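An overview of the molecular structure
Read off the chains here:
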Amino acid sequence: NLLFLAILLLFNGIVAYQVIVNGSDIHRENQLLENLQAAVLMLASIVFVASAYTVKGLHRTLAAFFAVLSFIFFFRELDIEKFDVPQGIVFLLADNRGRSVFFVALLFLLGTLIKDWRFFASHRQAYLRSHMFAFVSLSAVLLIVFSTVFDQKLVHVREYILYEELSEFSPYYLLLVT
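The text that follows walks through the structure, step by step, so that each part is easy to find. Predicted model, so just to flag it, every value in this text is computed and none were measured.

**Some thoughts on the nonpolar core**
Of all hydrophobic cores here, the largest spans 44 residues; its most connected members are Val15, Phe65, Phe66 and Leu174. Broken down by element, the residue count for this core peaks at 11 residues, all from helix H3 (residues 57-77). Among residues more than four places away in sequence, those in contact with Phe65 are Leu106, Leu109, Leu110 and Leu113.

And the structure:
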């Protein structure tokens, strides 16, 4: 678990060094860092789908929930409208109205998890001590708090786009290694 965090810190340090010291633009729109975010999210989605086939019961629902969540975030990061694909695909995957289909699936899975809250409550000690819980919790904080702070420019720093992109990449990576 510490190895995963060390890899993340090393990666973030290298990216920050490249941008701040070397003047690289790898953090800009549709550059390397955003492409890595998309790749990590798609890989996470695939891993969670595979996990859903190897576990049983509500663990399967939890894995499916994270697979759909990763899938939604993937298409949030990927500018599919810039590809030569039919407008129906663009609507379904890039337009908020079309993407709502995936949000309905996500809400259904979340409802299923909440409906059976007793199962998770009975296993809470195992979940609370797991790296999964720690990584998902840290991901939520990074994505909701830090990404919003930099995206909304609530903190004025020179390379706010870098910090915004790193505060998005980090939770996606943590989701993958969950």
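**Thoughts on helix H2 (residues 32-54)**
Taking 1.5 Å per residue, 23 residues should reach 33 Å; H2 reaches 33 Å between its end C-alpha atoms and fits that length. Those residues of H2 that are buried are in contact with helix H1 (2-20), H3 and helix H9 (160-177).

**Here we look at the packing of aromatic side chains**
Inspection of every chain in the model, using the stated rule, returns 11 aromatic pairs. Taking the centre distance of 4.7 Å and the plane angle of 80° together, the rings of Phe74 and Phe75 count as edge-to-face. Here the aromatic cluster, defined as three or more aromatic residues joined through ring pairs, consists of Phe71, Phe74, Phe75 and Phe102.

**What to know about H3**
Between its first and last C-alpha atoms H3 spans 31 Å; for 21 residues at 1.5 Å apiece the expected length is 30 Å, and the two agree. With respect to burial, H3 is a largely interior element, 15 of its 21 residues being buried.

**So, the side chain of Ser167**
Position of Ser167 relative to the elements: it lies in helix H9. Here Glu164 takes part through its backbone oxygen, which lies 2.8 Å from a polar atom of the side chain of Ser167. Once residues within four sequence positions are removed from consideration, Ser167 is found in contact with Leu142, Leu143, Phe146, Ser147 and Phe150.

**Overview of the layout of surface pockets**
Volume-wise, the largest pocket comes out at about 520 Å³. Taken together, 21 residues form the lining of the largest pocket, with Leu62, Phe66, Met132, Phe133 and Val136 sitting closest to its centre. Elements with a contribution of two residues or more to the lining of the largest pocket: H3, helix H6 (117-122), helix H7 (124-128), helix H8 (131-151) and H9. With seven residues, the single largest contributor to the lining of the largest pocket is H8. Its residues placed into classes, the lining of the largest pocket shows 18 nonpolar, two polar and one charged. Taken as a whole, the second largest pocket encloses approximately 300 Å³ of empty space. Lining the second largest pocket are 17 residues, with Arg76, Asp151, Glu164, Glu165 and Glu168 sitting closest to its centre.

Conventions and cut-offs
- Residues numbered from 1 in each chain as written.
- Predicted model: local features only at pLDDT ≥ 70, side-chain atom pairs only at ≥ 80, totals over all residues.
- Heavy atoms only, no water.
- Core = buried A, V, L, I, M, F, W, Y, C linked by side-chain atoms within 4.5 Å.
- Buried < 20%, exposed > 50% of the residue type's maximum accessible area, 1.4 Å probe, protein only.
- Helix = DSSP H or I, 4+ residues; strand = E, 2+ residues; numbered from the N terminus.
- Contact = heavy atoms within 4.5 Å.
- Expected span 1.5 Å × (residues − 1).
- Phe/Tyr/Trp six-rings, centres within 6.5 Å; stacked < 30°, edge-to-face > 60°.
- Polar contact = N/O pair within 3.5 Å; in protein donor to acceptor, adjacent residues only side chain to side chain.
- 1 Å grid on protein atoms, 1.4 Å probe; cavity = no way out; pocket = protein on both sides within 12 Å on 5 of 7 lines; lining within 4 Å.
- Points joined across faces, edges and corners; volume = space filled by probe spheres on them.
- Nonpolar A, V, L, I, M, F, W, Y, C, P; charged D, E, K, R; others polar.

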